[in-house]
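Chains, contacts and geometry: an overview
The chain contents come next:
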Amino acid sequence: MTRMTHSTNSTPSDEESLVLVRRTEATGKWRPLICAEFEGAPSLYLTAEDWVDCGLKVGMRMSVKQYADLERRAKVAQALREALKLLEVRPRFEGELSRALLRKGWEREVIDGALVRLREKGLLNDEKLVRDRVEAWAGTRSRREIRAKLRSRGAPTALVTQSLESCVDDEREREAALRLAERYFRRAAGRLADVDERRALMHLVRKGFSPSIARQAVRETVRRLGEQEVDPWA
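Residues numbered from 1 in each chain as written. Predicted model: local features only at pLDDT ≥ 70, side-chain atom pairs only at ≥ 80, totals over all residues. Heavy atoms only, no water.

**Describing the confidence of the model for the chain**
Overall, the prediction assigns the chain a mean pLDDT of 86, with 87% of residues at 70 or greater. In this model residues 1–10 is a low-confidence stretch, pLDDT under 50, and it forms 25 contacts with partners more than four residues away in sequence or in other chains. Note that pLDDT drops below 50 for residues 230–234; the model gives that stretch zero contacts with residues more than four away or on any other chain. (pLDDT = per-residue confidence, 0-100. Contact = heavy atoms within 4.5 Å.)

**Describing the side chain of Ser142**
As for its placement among the helices and strands, Ser142 is situated in the loop between helix 5 (126–137) and helix 6 (143–152). Among the polar contacts made by the side chain of Ser142, one reaches the main-chain amide nitrogen of Glu145 at a distance of 3.0 Å. When near neighbours in sequence (up to four residues on either side) are disregarded, Ser142 contacts Glu173, Lys207, Gly208 and Phe209. (Helix = DSSP H or I, 4+ residues; strand = E, 2+ residues; numbered from the N terminus. Polar contact = N/O pair within 3.5 Å; in protein donor to acceptor, adjacent residues only side chain to side chain.)

**Side note on helix 7 (residues 157–167)**
Turning to helix 7, its buried residues are Leu159, Val160, Ser163, Leu164 and Cys167. One side of helix 7 carries all its buried residues, which in axial view fall inside an arc of 130 degrees. Pointing more than 90 degrees away from the buried face of helix 7 are the exposed residues Ala158, Glu165 and Ser166. Taken together, the buried residues of helix 7 touch helix 5, helix 6 and helix 8 (170–188). (Buried < 20%, exposed > 50% of the residue type's maximum accessible area, 1.4 Å probe, protein only. Arc of directions from axis to C-beta.)

**Observations regarding the packing of helix 8 against helix 9 (residues 197–206)**
Between helix 8 and helix 9, the shortest axis-to-axis distance is 10 Å and the interhelical angle comes to 135 degrees. Judged on the interaxial angle alone, helix 9 and helix 8 are oblique. Relative to helix 9, the crossing made by helix 8 is right-handed. Here Ala177, Leu180, Ala181, Tyr184 and Phe185 of helix 8 lie close against helix 9, whose contacting residues are Glu197, Arg199, Ala200, His203 and Leu204. (Axes fitted to C-alpha atoms, helices over the stretch in contact; angles between N-to-C directions. Parallel < 35°, antiparallel > 145°, perpendicular 65-115°, else oblique. Left-handed = near helix turned anticlockwise from the far one by under 90°.)

**Observations regarding the pairing of strand 3 (residues 41–46)**
Within strand 3, five of the six residues are buried, which leaves the element mostly enclosed by the surrounding structure. The antiparallel pairing of strand 2 (residues 34–39) with strand 3 creates a hairpin that spans one residue between the two strands, and Gly40 there sits at a positive phi of about 100 degrees. (Pairing = 2+ DSSP bridges.)

**Quick word on the side chain of Glu96**
Of note, Glu96 is situated in helix 3 (residues 94–103). Those residues in contact with Glu96 that lie beyond four places of it in its chain are Arg90, Pro91, Arg153 and Gly154.

**Looking at the environment of Ala74**
Position of Ala74 relative to the elements: it lies in helix 2 (residues 64–89). We classify Ala74 as buried; its relative accessible area is 2%. The sequence separation of Ala74 and Leu46 amounts to 28 residues, and the corresponding C-alpha distance is 5.0 Å. Excluding anything up to four places from it in sequence, Ala74 contacts Leu44, Tyr45 and Leu46.

**Things to note about the sheet that holds strand 1 (residues 18–25)**
Strand order in the open sheet formed by four strands is 3-2-1-4, and the pairing between neighbours is antiparallel. Both edges of this open sheet fall to strand 3 and strand 4 (61–62), since each of them pairs with a single strand only. Pairing analysis gives four bridges linking strand 2 to strand 3, with the strands arranged antiparallel. Looking across to strand 3, one finds that Ile34 is bridged to Leu46. Strands in contact with helix 2 are strand 1, strand 2, strand 3 and strand 4; relative to strand 3, the strand with the most contacts, it is inclined by about 45 degrees.

Laid out in structure tokens, this is it:
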């Protein structure tokens, strides 16, 4: 970590006047933040937006109150950096991202500040993410399973309900059940006669399909696979 020219281990008293003595690009784990070094106070790691928004210039003097505001911005900037690293792995819901940052030890106020910046940058959009996930999973998963997976990741209940109602009707639910039943039968055995239909039915129910839809899917799969096994030259 880059150190300031004249460092202390605590925030200076109200009587002290602070001077911003150097700006450098942070290295190591703090990239791509800016390291602001002060005479009489610890260095702070800020975003380029912070530097511009606060009108910072090397050589400027500031009060302890102004420095305290920069300290808060620095915490948000560091939490924001952690959040961006998590988002690089995969998209996340606000609630999911918030819990991840809490586990890393960030305070709620700091996390809220980081989430605000992410929303401003268009990097957090729960409504779009819910809709995208529902569209991607519809036709391969039951409505109940989709709802459970989204809620476990922190998706807002109202948005999940809204997207499911608009994207997954009964016909798509039946298509998903049929697709899953066919996959189960083909994976379970080489011949239709070797498959336990009751087990197939329970498999679909465990995946969140209603008993009636699961039963229809199993019956239709048996019919289709039975037709495929018929020897046309017999």
